[in-house]
Amino acid sequence: MVVDGGRVEANTRVEVGLEGDGVLDIRNGGVLKAAGDFVFVGNAAGSSGAVTVAGDGSRLLVDNDLIVANGFFDTQTGFGIPNAATQASLDILQGGFVSALNLTAGSQLNATGTVTVDGIGSTLTVGNATAINQILAVGSFGNGTGTLTVSGGGTVNTFFLAAGDGPGPNSDVFDGRGGATGTIVVTGVGSTINVSNDFGHFGPPDEAEGGFFRVGRMDGDVGRLEVLDNALVRITSGPTESL
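None of these values were measured; they are calculated from a predicted model.

K.L.:
I'd like a description of unusual backbone geometry, backed by residues and values.
P.N.:
The phi dihedral of Ala 69 falls on the positive side, at around 80°, and the residue is not glycine. Topologically, Ala 69 is positioned in strand 9 (residues 65-70). With relative accessibility at 0%, the residue Ala 69 sits in the buried group. For Asn 230, which is not glycine, the phi dihedral falls at a positive 70°. Along the chain, the position of Asn 230 falls in the loop between strand 22 (222-228) and strand 23 (232-235).

Structural data, given as structure tokens:
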């Protein structure tokens, strides 16, 4: 699917690669606004998906959750191929813009999700001022693997950033055992991740509680952060105060 300079509004779930392969390109100022419960890129074990948002004015606006590589399968219903690899990517390039309430890259066993934000003006924003508990998780439920790369002057804004954030091999059981792998790389002058309370979840006197960053949630989770070549990760309680 290509959104080239036009606008698409979807009031239902959007799935790019549902039990198969899918591609979505948003370019030349195109806009996709998704108001359904989820946007999936690569949904079901054995699937693959790729989304590219490129160019000034090109936007993907997700009202709820954006999941890049969901390796879930269900043998009873036949959903997905048991234990098969799931590969998915989200590329934000050349001034493109993506927003979502939550974003997960790499969810469930053998799922690998990659998110790239590259170029001056390219922006990923996760969270809004009306919801709580929103998160940008890289490597999550059920031993998922995720990578976030910010380069070339790109920007990521979020309230809660996590790398290696898996609650265990069974995503329905919070059993204290991890297994997720998450890597975050921020590289190059001007490349920035802002982790802050700008969305206002905590007011006086708790402003300093805003802005969460977690690397490796549980035993068995692996999280890694690399800040290279004069890039910046800023963790603040608001738009000005540094912690």
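K.L.:
I'd love a proper account of the nonpolar core, names of residues and values included.
P.N.:
Leu 66, Leu 124 and Leu 148 are the most contacted members of the largest nonpolar core, which totals 41 residues. Those residues within four positions of Leu 66 in sequence are excluded, and the remaining contacts are Val 39, Val 41, Leu 90, Val 98, Ala 100, Asn 102, Leu 103 and Thr 104. Counting five residues, the second largest nonpolar core, distinct from the first, contains Ile 135, Phe 159, Phe 160 and Ala 162.

K.L.:
Report on the pattern of salt bridges, specifying residues and quantitative values.
P.N.:
The final tally for this structure, using the stated rule, is six salt bridges. Note that Asp 165 is salt-bridged to Arg 214, the shortest N-O span being 2.8 Å. Here the residue Asp 165 occupies a position in the loop between strand 18 (160-163) and strand 19 (181-187), and Arg 214 occupies one in strand 21 (residues 212-215), the gap between them amounting to 49 residues. On the basis of relative accessibility, which here comes to 5%, the residue Asp 165 falls in the buried class. The exposure class of Arg 214 is partly exposed, given its relative accessible area of 27%. Linking Glu 226 and Arg 224 is a salt bridge whose minimum nitrogen-to-oxygen distance equals 2.6 Å. Given the relative accessible area of 24%, Glu 226 is considered partly exposed.

Cut-off values and rules
Residues numbered from 1 in each chain as written. Predicted model: local features only at pLDDT ≥ 70, side-chain atom pairs only at ≥ 80, totals over all residues. Heavy atoms only, no water. Helix = DSSP H or I, 4+ residues; strand = E, 2+ residues; numbered from the N terminus. Buried < 20%, exposed > 50% of the residue type's maximum accessible area, 1.4 Å probe, protein only. Core = buried A, V, L, I, M, F, W, Y, C linked by side-chain atoms within 4.5 Å. Contact = heavy atoms within 4.5 Å. Salt bridge = Lys/Arg side-chain N within 4 Å of Asp/Glu carboxyl O.

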